[in-house]
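# Remarks on the overall topology
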Amino acid sequence: MYYDVIKTEDVQAFEKLSENYDHIKKRQDYMQQVNDYYKENGTIKGFPGLEENTITSIEKAISEGQELPYPQTFFQNNKKTMDMLQKMMNRVAEKPETLFRSWHFEGGEAVVNLAKNRLQLMFKEIPSEEQRATLKKNGFVWANKSKAWQRPLTHQTMSVCDKIGFVNPHEGRKPTDYQPAPPKRNEPER
């Protein structure tokens, strides 16, 4: 599974997205098997491959009122991620011209991360306090795990970047100059 960046420019983007999709699908199937085993046996003890600490934490959650070992929200979140990955894979395979593009700016890079459906601003050095305040004011949040300032990957995010001068490309163009045209009014956005 690719937890790191999958860039639109990566020639293996489709394969990486597909691998992520397969991983999440396997996790979904596994959770369903554990739930089915629990429904049949009234416990998850004895389910093949479950570690003792996992059994303990799941049974504790069930004793505190959780209905099943893996609640419906786990499945819903996985389904949303799978749907997003499927859309990205379709776009990479069928309409690569509709994908957002990364760019370099003075002191860093704006990365279109397909794996996380985020625009990530990666700086070579820690941005100044004023720059961090500007990023926060414009909806970017610090993702410690990714070591990047990020926002969901949308046309609105790209428009916001146009207004943040210190993340504009070297050539003096705006980030939106590199991006596909936004959808027409009645079409859903990404």
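Residues numbered from 1 in each chain as written. Predicted model: local features only at pLDDT ≥ 70, side-chain atom pairs only at ≥ 80, totals over all residues. Heavy atoms only, no water.

Looking only at helices and strands, the protein has five helices and five strands in total. Counting helices and strands in the order they occur from the N terminus, the protein gives α-α-α-β-β-β-α-β-β-α. By the compact-globule yardstick of 16 Å for 190 residues, the protein is too spread out, its C-alpha radius of gyration being 21 Å. Summarising its shape, the C-alpha atoms of the protein cover approximately 65 × 40 × 30 Å along the three principal directions. Scored against the burial criterion, the 190 residues of the protein give a buried share of 37%. Pairs at least 24 apart in sequence give 57% of the contacts found in the protein among residues at least 6 apart. For the protein, the accessible surface area stands at approximately 11,800 Å², while carbon and sulfur atoms represent 49% of it. In the protein, which carries 29 positive and 27 negative side-chain charges, the distance between the mean positions of the two groups comes to 5 Å. (Helix = DSSP H or I, 4+ residues; strand = E, 2+ residues; numbered from the N terminus. Rg over C-alpha atoms; globule rule 2.2 N^0.38 Å. Buried < 20%, exposed > 50% of the residue type's maximum accessible area, 1.4 Å probe, protein only. Contact = heavy atoms within 4.5 Å. Areas by Shrake-Rupley, 256 points an atom, 1.4 Å probe, with all protein chains shown as cover. Lys, Arg positive; Asp, Glu negative; His and termini not counted. Charge placed at Lys NZ, Arg CZ, Asp CG, Glu CD.)

Burial within strand β2 (residues 108-113) is extensive, with six of its six residues counted as buried. Following strand β1 (residues 103-105), the chain reverses through two residues before pairing antiparallel with β2; G107 in that reversal takes a positive phi of roughly 90°. As paired strands, β2 and strand β3 (residues 118-123) are joined by six bridges and run antiparallel to one another. What sits directly across from A110, in β3, is L121. (Pairing = 2+ DSSP bridges.)

Think of an α-helix as turning once every 3.6 residues; residues three or four places apart then point the same way. When we look at burial in helix α5 (residues 155-163), the residues that qualify are H155, T157, M158, V160, C161 and D162. On its buried face, α5 sits against β1, β2, β3 and β5 (148-152).

Attention now goes to the packing of aromatic side chains. Counted according to the given criterion, the structure contains seven aromatic pairs. Relative to F47, the ring of Y30 lies with its centre 5.8 Å away and its plane at 75°, an arrangement referred to as edge-to-face. In this pair, Y30 sits in helix α1 (residues 13-41) while F47 sits in the loop between α1 and α2 (52-63), placing the two residues 17 residues apart along the sequence. Within the aromatic cluster, the residues linked to one another by ring pairs are Y30, Y37, F47, Y70 and F74. Directly above the ring of Y178 sits R173, whose terminal nitrogen or CZ lies 4.6 Å from the centroid. (Phe/Tyr/Trp six-rings, centres within 6.5 Å; stacked < 30°, edge-to-face > 60°. Lys NZ or Arg CZ within 6 Å of the ring centre and 35° of its normal.)

The next thing to look at is the nonpolar core. Residues L17, L114, L119, L121 and F140 are the most contacted members of the largest nonpolar core, which totals 29 residues. For this core, the secondary structure elements donating two or more residues are α1, α3 (72-94), β1, β2, β3 and α5. Considering each element in turn, this core owes the most residues, six residues, to α3. Here L17 is in contact with I6, L85, M88, M89, V92, L114 and A115, once residues within four sequence places are set aside. Grouped together as the second largest cluster of nonpolar side chains are 11 residues, I44, F47, L50 and I62 included. (Core = buried A, V, L, I, M, F, W, Y, C linked by side-chain atoms within 4.5 Å.)

Where α1 meets α3, the axes come as close as 9 Å, and the angle between the chain directions of the two elements is 155°. By the angle class used here, α1 and α3 are roughly antiparallel. Read as a crossing pair, α1 and α3 show a hand that is left-handed. Across the interface between the two elements, F14, L17, S18, N20, Y21, I24, K25, R27, Q28, M31, Q32 and N35 of α1 pack against F74, F75, N78, K79, T81, M82, L85, Q86, M88, M89, V92 and A93 of α3. Considering only residue class, the contact of α1 with α3 consists of 13 nonpolar, eight polar and three charged. (Axes fitted to C-alpha atoms, helices over the stretch in contact; angles between N-to-C directions. Parallel < 35°, antiparallel > 145°, perpendicular 65-115°, else oblique. Left-handed = near helix turned anticlockwise from the far one by under 90°. Nonpolar A, V, L, I, M, F, W, Y, C, P; charged D, E, K, R; others polar.)

In this section: unusual backbone geometry. Positive phi is not limited to glycine here, since N117 has a value of about 55°. With respect to the helices and strands, the residue N117 is situated in the loop between β2 and β3. With a phi close to 55°, K147 is a non-glycine residue in the positive phi region. Mapped onto the elements, K147 comes out in the loop between β4 (141-143) and β5.

Purely geometric numbers; function is a separate question.
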